[in-house]
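Geometric and topological summary
As a plain string of letters, each chain reads:
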Amino acid sequence: MNTDVEEIKSRLNIVDVLGEYIRLDKAGANWRALCPFHNEKSPSFMASEEKQIWHCFGCQKGGDIFGFVMEMEGLEFREALKILAEKAGVKLQSYSPEKTEEKSRTLEILELATKFYEVQLWKGEGKEKILKYLHDRGLKDETIKEFRLGYAPNGWRNMLTFLTGRGFKVEEIIKTGLLVKKENSGDFYDRFRDRIMFPIADYSGKILGYSARVAPGGDESQAKYVNTPETEVYHKSRVLYGIDKARSEMKQKDSVLLVEGNMDVIASHQAWIKNTVAVSGTALTQEQIGTIKRYTKNIQMFFDMDSAGEQATKKSVKLCLASDMSVKIVSLAQGKDAADMAKDNPEELRKNVAEALPAMEYFFQKTFQKFDKNKIEDKKKITEELLALISSLENEVEKNYWIKKLGEGLNIAESALTDEFKKISLKSKIRISEKSENIPEKNIPLAKKEMLTRELIGLMLTSSFAWKKAAEEAREGKFDLEDNLFSLMIEKGEKADFDFSVFMGEIAENRELSEKAEKIFSQKKYRLDLNNNLEEIVVEEPLKDFQLYANELLKENKKEELNRISNDLRVAEERKDKNAVMFLRQEFDRISKELAKL
Ligand SMILES: [Zn+2]
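The shown structure was predicted, so the numbers you read here are calculated from the model rather than taken from an experiment.

All right, on to the overall build of the protein chain then. When you go through the protein chain residue by residue, the secondary structure sums to 26 helices and 18 strands. With the C-alpha coordinates aligned to their principal axes, the bounding extent of the protein chain is approximately 85 × 70 × 60 Å. By residue count, 36% of the 598 residues in the protein chain fall in the buried class. Within the protein chain, contacts between residues at least 6 apart in sequence are counted, and of these 62% link residues at least 24 apart.

Further remarks concern the sheet that holds strand S10 (residues 207-214). Here four strands make up an open sheet; going across it, the order is S6-S9-S10-S11 and the pairing antiparallel. Edge positions in the open sheet fall to strand S6 (150-152) and strand S11 (225-227), since each of these has one partner strand only. Here the average twist between neighbouring strands, direction ignored, is 35°.

All right, on to the sheet that holds strand S2 (residues 30-33) then. An order of S1-S2-S3-S4-S5 is seen for the five strands of this open sheet, with the pairing classed as antiparallel. At either margin of the open sheet sits one strand with a lone partner, and together these are strand S1 (25-27) and strand S5 (62-63). By the bridge criterion, three bridges tie S2 to strand S3 (residues 45-48) in an arrangement that is antiparallel. Its bridge partner being in S3, alanine 33 is matched across the sheet by phenylalanine 45.

A word on the pairing of strand S12 (residues 256-259). Side chains Val256 and Leu258 project from S12 onto one buried face, and the interleaved Leu257 and Val259 project onto a second face that is buried too. Note: S12 against strand S13 (residues 276-278), three bridges, orientation parallel. Counted as the bridge partner of leucine 257 is threonine 276 from S13. With helix H11 (residues 262-270) bridging S12 and its parallel neighbour S13, the resulting β-α-β unit is right-handed.

So, on to helix H24 (residues 511-525). The end-to-end C-alpha distance of H24, which contains 15 residues, comes to 21 Å, matching closely the 21 Å that a straight helix rising 1.5 Å per residue would cover. For H24, the set of buried residues is Ser514, Lys516, Ala517, Glu518, Ile520, Phe521, Ser522 and Lys525.

Within the fold, leucine 461 resides in helix H20 (residues 447-462). When the C-alpha atoms of leucine 461 and serine 392 are compared, they prove to be 29 Å apart, with 69 residues separating the residues in sequence. Here leucine 461 is in contact with Phe500, Ala517, Ile520, Phe521 and Lys524, once residues within four sequence places are set aside.

Attention now goes to the packing of helix H3 (residues 65-73) against helix H4 (residues 77-88). Any two packed helices are characterised by the angle at which their axes cross and by the distance between the axes. Contact pair H3 / H4: the axes reach a minimum separation of 9 Å and the direction vectors enclose 110°. Here H4 runs roughly perpendicular to H3, going by the angle between their axes. Along this stretch, H3 crosses H4, giving a crossing that reads as right-handed. Along the contact surface, H3 presents Ile65, Phe66, Val69 and Met70, while H4 presents Phe77, Ala80, Leu81, Ile83 and Leu84.

It is the contact of helix H1 (residues 3-11) with H4, at a shortest axis distance of 9 Å, that shows an interaxial angle of 50°. Taken together, the axis directions place H1 and H4 in an arrangement best described as oblique. Read as a crossing pair, H1 and H4 show a hand that is left-handed. Side by side, H1 and H4 meet where Asp4, Ile8 and Arg11 of the first sit next to Leu84, Ala85 and Ala88 of the second.

When the pLDDT values of the protein chain are averaged, the result is 86; 93% of them are 70 or greater. Ignoring residues within four places in sequence, the model shows residues 426-446, a span with pLDDT below 50, making 31 contacts including any to other chains.

Below, the discussion takes up the nonpolar core. By size, the foremost hydrophobic cluster in this structure holds 85 residues, and its most contacted members are Met197, Val256, Leu258 and Val277. With six residues, the single largest contributor to this core is helix H5 (residues 97-122). Apart from residues lying up to four places away in sequence, leucine 258 is in contact with Val277, Ala278, Ile299, Gln300, Met301 and Phe302. Of all hydrophobic cores here, the second largest spans 53 residues; its members include Met504, Ala517, Phe521 and Leu534.

Quoted interface sizes are often the accessible area lost when the parts come together. Along its sequence, the protein chain is carved into domain 1 (3-88), domain 2 (97-227), domain 3 (243-358), domain 4 (371-440) and domain 5 (551-597). Between the C-alpha centres of domain 1 and domain 2 there is a distance of 41 Å.

To continue, consider unusual backbone geometry. Within the chain, aspartate 254 stands out as a residue other than glycine whose phi angle is a positive 55°. With respect to the secondary-structure elements, aspartate 254 resides in the loop between helix H10 (243-253) and S12. A positive phi angle, near 50°, is found at phenylalanine 498, a position not held by glycine. For phenylalanine 498, the location among the structural elements is in the loop between helix H22 (484-492) and helix H23 (500-506). Exposure remark for phenylalanine 498: the 22 C-beta atoms within 10 Å place this residue in the buried category.

Tracing the backbone through its elements, the reader meets isoleucine 200 in strand S9 (residues 195-201). Exposure remark for isoleucine 200: the 24 C-beta atoms within 10 Å place this residue in the buried category. Filtering out sequence-adjacent residues up to four positions away, isoleucine 200 remains in contact with Leu208, Gly209, Tyr210, Ser211, Val239, Tyr241 and Ser280.

Each value, and the rule that gives it
- Residues numbered from 1 in each chain as written.
- Predicted model: local features only at pLDDT ≥ 70, side-chain atom pairs only at ≥ 80, totals over all residues.
- Helix = DSSP H or I, 4+ residues; strand = E, 2+ residues; numbered from the N terminus.
- Buried ≥ 20, exposed ≤ 12 C-beta atoms within 10 Å, placed from the backbone.
- Contact = placed C-beta atoms within 7 Å.
- Pairing = 2+ DSSP bridges.
- Axes fitted to C-alpha atoms, helices over the stretch in contact; angles between N-to-C directions.
- Right-handed = clockwise from strand over helix to strand, strands pointing away.
- Expected span 1.5 Å × (residues − 1).
- Parallel < 35°, antiparallel > 145°, perpendicular 65-115°, else oblique.
- Left-handed = near helix turned anticlockwise from the far one by under 90°.
- pLDDT = per-residue confidence, 0-100.
- Core = buried A, V, L, I, M, F, W, Y, C linked by C-beta atoms within 7 Å.
- Domains from an automatic or database assignment.

This is the structure in structure tokens:
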């Protein structure tokens with residue numbers, strides 16, 4: 001149990017917290033407002049004092065006070081917690097003071113180190129060779145200063161000597177990643193030597209680590225870029241280069257431009273495309289998408305034309321689509337990168353960005369250009385490539401739209417494609433197929449199953465009877481849902497007294513699941529009527545509904561199993577594997593009978 005979170009929630013009223021940002025009007029038992037997160041003329045944003053949640057029926061955002069402050073101010077949970085703790089007059093206990101102290105010491109060292117590198121660039125050894133290089137790459141002095149670029153001079157102990165001279169202990173400096181331990185000895189030396197330093201900051205501008213480029217004319221046999229290793233403050237899967245300078249523009253423009261490298265970010269920024277970020281030495285991760293989503297759901301990606309770049313981009317695109325983001329692709333002429341173009345022709349760069357194509361459209365065009373749609377073999381390839389992409393879409397309507405579009409393009413009946421689509425998705429599930437298709441299970445089209453799962457969770461969240469019953473049956477192994485929120489509800493149900501509000505307090509730190517819970521709860525509990533008035537939905541007999549939906553779900557599962565078996569059966573028959581055929585037929589009969597009984 002998190003006492004801090006609960007204490008804060010119990011002391012603050014959601015109406016007061018929200019009221020500092022937006023105008024709320026009383027509407028029956030609840031409060032209404034114009035949603036601050038999307039454009040609207042009549043209010044579809046509501047706050048419930050009783051449940052201490054807010055929800056927008058327009059953009060479907062919602063959550064508790066922490067979520068609201070995070071969304072409004074673009075903060076991490078910890079930061080929102082701090083602000084609200086102060087407002088509530090709660091002293092945060094779960095912060096270990098030593099840990100906080102240690103972290104701030106690490107950040108202090110990194111700040112000092114960054115200043116050291118800056119001085120080396122502007123006044124020291126870097127002045128001659130590095131500044132000229134940066135100017136040649138088209139960077140202006142003020143841009144170099146804004147991004148705090150620096151120079152790590154050649155030598156093994158520059159940073160070590162500087163920092164110990166300032167009174168820091170070696171054990172403290174190690175935690176920043178600035179030092180490397182000498183093998184078989186207790187000695188340490190500087191990690192960054194003769195390199196151009198690109199400091200990587202968090203959203204608020206605090207330096208967490210570096211990406212360091214080999215200096216021009218330096219030892220080119222070394223890696224071109226060396227990054228800070230994982231430390232307590234630097235996590236490469238989380239950082240986004242440039243986020244501190246891009247975030248307000250990301251919010252304002254409601255879009256982000258994802259480029260390949262640090263230089264691309266800086267050059268784009270200088271060319272007045274300020275909503276630009278880059279990942280540092282990784283493919284785009286789920287955590288980074290989470291950060292981006294706090295500011296915008298619209299992402300524009302630069303597309304690298306070489307084939308390794310193409311694979312990486314496709315992977316990132318799929319991840320974004322699966323997170324329900326809207327993705328556009330910016331393509332540049334072969335061999336060009338954003339930094340070059342920003343320097344040579346910023347106008348063209350802006351034009352390219354403005355003309356970015358929605359990702360699906362882009363890949364449709366590309367794929368149809370690459371293959372000859374009149375050849376059978378190529379038809380197959382087009383189908384395979386595009387269906388794999390379509391399967392990563394979150395939205396069923398969109399999925400169907402693109403399947404239809406593909407059918408039209410290839411002159412194939414849509415139904416044939418839908419079958420093919422299911423086959424592609426199922427193949428990865430039944431493991432019988434030789435070639436693994438690498439499509440995650442969750443992408444199998446399961447609209448009905450998802451709908452039923454949601455209904456069941458909604459009933460549990462709005463009725464403690466239903467929740468209790470589900471927990472009992474789950475304990476006896478009679479009932480289960482493949483859903484992470486459901487698992488958490490079963491785990492915490494008793495402790496939360498099967499009560500939605502208590503449960504929300506318990507899981508407040510788990511942002512993903514508490515937002516999901518709020519969403520399902522609000523959609524089950526409230527609706528806007530035709531006159532845009534908020535109505536509470538009353539479920540007369542939650543237990544009866546629960547049984548009904550649970551039964552439906554069971555049927556769906558059985559049907560799915562039958563589907564899978566008949567696919568396996570087909571493969572087994574093709575292979576003339578008599579034993580497998582016999583076994584699968586028996587299974588098919590058994591499950592058919594079970595299904596008939598339901
Ligand atoms: Zn909204």
